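Here is how the chains run, residue by residue.
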Amino acid sequence: MLRIIIGESDRHKRMHLYEWIVIRARECGIAGATVLKGMMGYGASSRMKITSILRLSEDLPVIIELVDTRRMLEEFIEVIDPIITDGLITFEKMNIRIYRAGRKR
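Quick caveat: nothing in here was measured; it's all calculated off a predicted structure.

### Focus on the pattern of salt bridges
- According to the stated counting rule, one finds 6 salt bridges in the structure shown.
- Close ionic contact of E92 with R3 constitutes a salt bridge, the shortest N to O distance being 3.6 Å. Remark: R3 occurs in strand β1 (residues 2-7) and E92 occurs in the segment after β8 (88-91); sequence separation between them is 89 residues.
- Residue class for E92 comes out partly exposed when judged on its relative accessible area of 30%.

### Structural notes on unusual backbone geometry
- Of note in the backbone geometry, K13 takes a positive phi value of approximately 50 degrees without being a glycine.
- Among the secondary structure elements, K13 is positioned in the loop between β2 (11-12) and β3 (15-16).
- K13 sits in the exposed class, given a relative accessible area of 63%.
- Backbone geometry at R14 places phi at a positive 65 degrees, although glycine is not the residue there.
- Along the chain, R14 turns up in the loop between β2 and β3.
- On the basis of relative accessibility, which here comes to 85%, the residue R14 falls in the exposed class.

### Details of the sheet that holds strand β7 (residues 61-67)
- Taken in spatial order, the 4 strands of this open sheet run β4-β7-β1-β8, and their pairing is antiparallel. Edge positions in the sheet fall to β4 (32-37) and β8, since each of these pairs with one other strand and no more. Sheet twist, expressed as the average angle between the axes of neighbouring strands with direction ignored, equals 15 degrees.
- As paired strands, β1 and β7 are joined by 6 bridges and run antiparallel to one another.

Conventions used here
Residues numbered from 1 in each chain as written. Predicted model: local features only at pLDDT ≥ 70, side-chain atom pairs only at ≥ 80, totals over all residues. Heavy atoms only, no water. Salt bridge = Lys/Arg side-chain N within 4 Å of Asp/Glu carboxyl O. Helix = DSSP H or I, 4+ residues; strand = E, 2+ residues; numbered from the N terminus. Buried < 20%, exposed > 50% of the residue type's maximum accessible area, 1.4 Å probe, protein only. Pairing = 2+ DSSP bridges. Axes fitted to C-alpha atoms, helices over the stretch in contact; angles between N-to-C directions.

No statement about biological role is implied by the geometric values presented.
Shown next, in the form of structure tokens:
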């Protein structure tokens with residue numbers, strides 16, 4: 001699994017960066033992608049990002065998880081590396097038990 005953590009307000013080509021990454025992943029044939037929005041966090045800048053009634057952050061953390069073979073994910077990093085200026089990218093080892101689109105009975 002490839003995990004990408006960026007800011008919600010990050011943009012590329014007039015769209016949210018997380019949206020652009022997922023669209024590119026699909027175009028590159030990556031098996032699956034999920035985008036998760038963080039409630040609170042901080043990164044290299046140590047600037048706290050939080051969602052609350054009193055303080056509405058406009059740049060909450062966004063986590064994009066991509067699943068495929070290591071080779072496919074490494075090739076995909078080459079595609080997105082020039083675009084991501086702030087953020088974190090990690091590889092996570094996972095054991096996939098089931099991957100299917102639907103079940104016929």
